[in-house]
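# Close look at the chain arrangement
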Amino acid sequence: MSILPVQPELKETLWGGTWFWRQGLHQEGRRRIGEMWYTVPGMPLMVKFIDAAAPLSLQVHPGDAQAWQREGKRGKTEAWYIWSTEPGAYIYYGFQRPVEKKEVEAAIRAGQLEKLVKKVKVRAGDMIFVPPGTIHAIGAGVRLVEVQTAVDLTYRLYDWGRGRKLQIEKGLALLNTAAVEENIVVSTLERQLTELDCPAFRLQKLNLQGQMQLSPGGSWFFLVGLKGEGQLSSGRWLYQVKPGTVYWLDSTPVWLGGKIEVLILNGNI
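The paragraphs below set out a description of the structure included in this document.

Thresholds, definitions, all that
- Residues numbered from 1 in each chain as written.
- Predicted model: local features only at pLDDT ≥ 70, side-chain atom pairs only at ≥ 80, totals over all residues.
- Heavy atoms only, no water.
- Helix = DSSP H or I, 4+ residues; strand = E, 2+ residues; numbered from the N terminus.
- Rg over C-alpha atoms; globule rule 2.2 N^0.38 Å.
- Buried < 20%, exposed > 50% of the residue type's maximum accessible area, 1.4 Å probe, protein only.
- Contact = heavy atoms within 4.5 Å.
- Areas by Shrake-Rupley, 256 points an atom, 1.4 Å probe, with all protein chains shown as cover.
- Lys, Arg positive; Asp, Glu negative; His and termini not counted.
- Charge placed at Lys NZ, Arg CZ, Asp CG, Glu CD.
- Phe/Tyr/Trp six-rings, centres within 6.5 Å; stacked < 30°, edge-to-face > 60°.
- 1 Å grid on protein atoms, 1.4 Å probe; cavity = no way out; pocket = protein on both sides within 12 Å on 5 of 7 lines; lining within 4 Å.
- Points joined across faces, edges and corners; volume = space filled by probe spheres on them.
- Nonpolar A, V, L, I, M, F, W, Y, C, P; charged D, E, K, R; others polar.
- Core = buried A, V, L, I, M, F, W, Y, C linked by side-chain atoms within 4.5 Å.
- Salt bridge = Lys/Arg side-chain N within 4 Å of Asp/Glu carboxyl O.

Attention now goes to the overall build of the chain. Of regular secondary structure, the chain possesses four helices and 19 strands. Relative to the globule expectation of 18 Å for 269 residues, the C-alpha radius of gyration of the chain, 19 Å, shows essentially globular dimensions. Projected onto the principal axes, the alpha-carbon positions of the chain cover approximately 60 × 40 × 35 Å. Counting the 269 residues in the chain, one finds 52% classified as buried. Counting only contacts in the chain whose residues sit at least 6 apart along the sequence, the fraction spanning at least 24 positions is 74%. For the chain, the accessible surface area stands at approximately 12500 Å², while carbon and sulfur atoms represent 46% of it. Computed over 32 positive and 26 negative side-chain charges, the inter-centroid distance for the chain is 3 Å.

Let us look at the packing of aromatic side chains. One pass over the full model with this rule turns up 11 aromatic pairs. The interplanar angle of 70° and the centroid separation of 5.5 Å between the aromatic rings of Trp-19 and Phe-20 together place this pair among those described as edge-to-face. Accessibility expressed as a relative area gives 10% for Trp-19, which makes it buried. Of the residues examined, Phe-20 reaches a relative accessible area of 0% and is grouped as buried. Measuring from ring centre to ring centre gives 6.1 Å for Phe-20 and Phe-49, while their planes differ by 45°; the resulting arrangement is tilted. Taken together, the positions of Phe-20 in helix 1 (residues 19-22) and Phe-49 in strand 4 (residues 45-52) put the pair 29 residues apart, joining distant regions of the chain.

This paragraph deals with the environment of Ala-124. Its place among the elements puts Ala-124 in the loop between strand 8 (117-121) and strand 9 (126-130). Taking relative accessible area as the criterion, Ala-124 reaches 36% and is therefore assigned partly exposed. For the pair Ala-124 and Trp-83, spaced 41 residues apart in sequence, the C-alpha separation works out to 5.0 Å. Ignoring sequence-local partners within four residues, the contact set of Ala-124 consists of Ile-82, Trp-83, Ser-84, Thr-85 and Leu-189.

Here we take up the layout of surface pockets. In this structure, the largest pocket encloses a volume near 390 Å³. Size it by volume and the second largest pocket reaches roughly 270 Å³. Considering the residues around the second largest pocket, the lining is formed by 15 residues, among which Tyr-93, Thr-134, Val-180, Glu-181 and Ile-184 are closest to the centre. Residues of the lining of the second largest pocket, tallied by class, amount to 10 nonpolar, four polar and one charged.

The next subject is the environment of Gly-225. The residue Gly-225 is located in strand 16 (residues 220-234) in this model. C-alpha of Gly-225 to C-alpha of Ile-264: the two residues are 39 residues apart in sequence and 9.2 Å apart in space. Beyond its immediate stretch of four places on either side in the chain, Gly-225 contacts Trp-83, Val-241, Lys-242, Pro-243, Gly-244, Thr-245, Glu-261 and Val-262.

Here we come to the nonpolar core. Among soluble globular proteins, nonpolar side chains are generally buried collectively. Counting 31 residues, the largest nonpolar core has Val-47, Phe-49, Trp-83, Val-145, Phe-201, Leu-203 and Phe-222 as its most contacted members. A per-element tally of this core places strand 16 first, with four residues. One finds Val-151, Leu-157, Tyr-158 and Leu-172 within the second-largest nonpolar core, a separate group that totals 23 residues.

This next bit is on unusual backbone geometry. Positive phi values are uncommon outside glycine, yet Trp-160 reaches one of about 60°. Take Trp-160: it is sitting in the loop between strand 12 (155-158) and helix 4 (168-174). A residue is classified by how much of its surface remains accessible, and Trp-160, at 25% relative accessible area, is partly exposed.

This brings us to the pattern of salt bridges. Tallying each qualifying case throughout the model produces 14 salt bridges. With a shortest N-O distance of 3.5 Å, Arg-74 and Asp-64 are connected by a salt bridge. Remark: Asp-64 occurs in helix 2 (residues 64-71) and Arg-74 occurs in the loop between helix 2 and strand 6 (78-85); sequence separation between them is 10 residues. When its relative accessible area of 36% is taken as the criterion, Asp-64 is described as partly exposed. With its nearest N and O atoms 3.0 Å apart, the salt bridge here joins Glu-71 to Lys-170. Separated by 99 residues along the polypeptide, Glu-71 in helix 2 and Lys-170 in helix 4 bring together distant segments of the chain. Bridged by salt links that share partners, the residues Glu-12, Glu-28 and Arg-31 form one connected network.

Set out below in structure tokens:
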């Protein structure tokens, strides 16, 4: 039986804030920590905590076929669990209407790409799948947990004039230019178990009051503490689960107890 507490790698970003520090998740109060990466060597998935004090770039990720052809590596698929928001916060996701790639390129050059992209209001407890090819960005005032394939592969199309390098040609080549579907948000509120399943992974949000045995299937899984406090136990081993803690576990069943909300991430790859 393996229960591995996963320690974060802190990433300072120009759009990051101090929310995670104020929540006691790290001690780097003077730095703008935008991301905390939780990785396990050899695992094809990873977990990130993201604090967007300012909007991230409008970007797109390649799928497996495109990434293997262009970059010689696996593509990037991700999903978001909205952890906390400021009033009126939103994300950017997909296009408001069908567009042509030449129209998108012209909007990028004119500094007006955001006018084509749909804004979606979000609140704590929302879960959102972001498939490859979907233009997206996290808006200001959003804190979330991102689960993804363990690949740092992003094509930045638009960065609000902040001067960072763009990958316009690569991004346009794989961009999904259709209008976004209306119902992209999966609400986890008032439900004990909510599941999001895709070819790369299965993400479950569990709201527990009491005790239950976890045996999510597969050969391993990540467990992410969101709210409340609890205990993770197996035999003589006992670990505390609270907001911001991340554990990697093998497939041996374990017990989770307490009044707590967690994410469970299984790999499908």
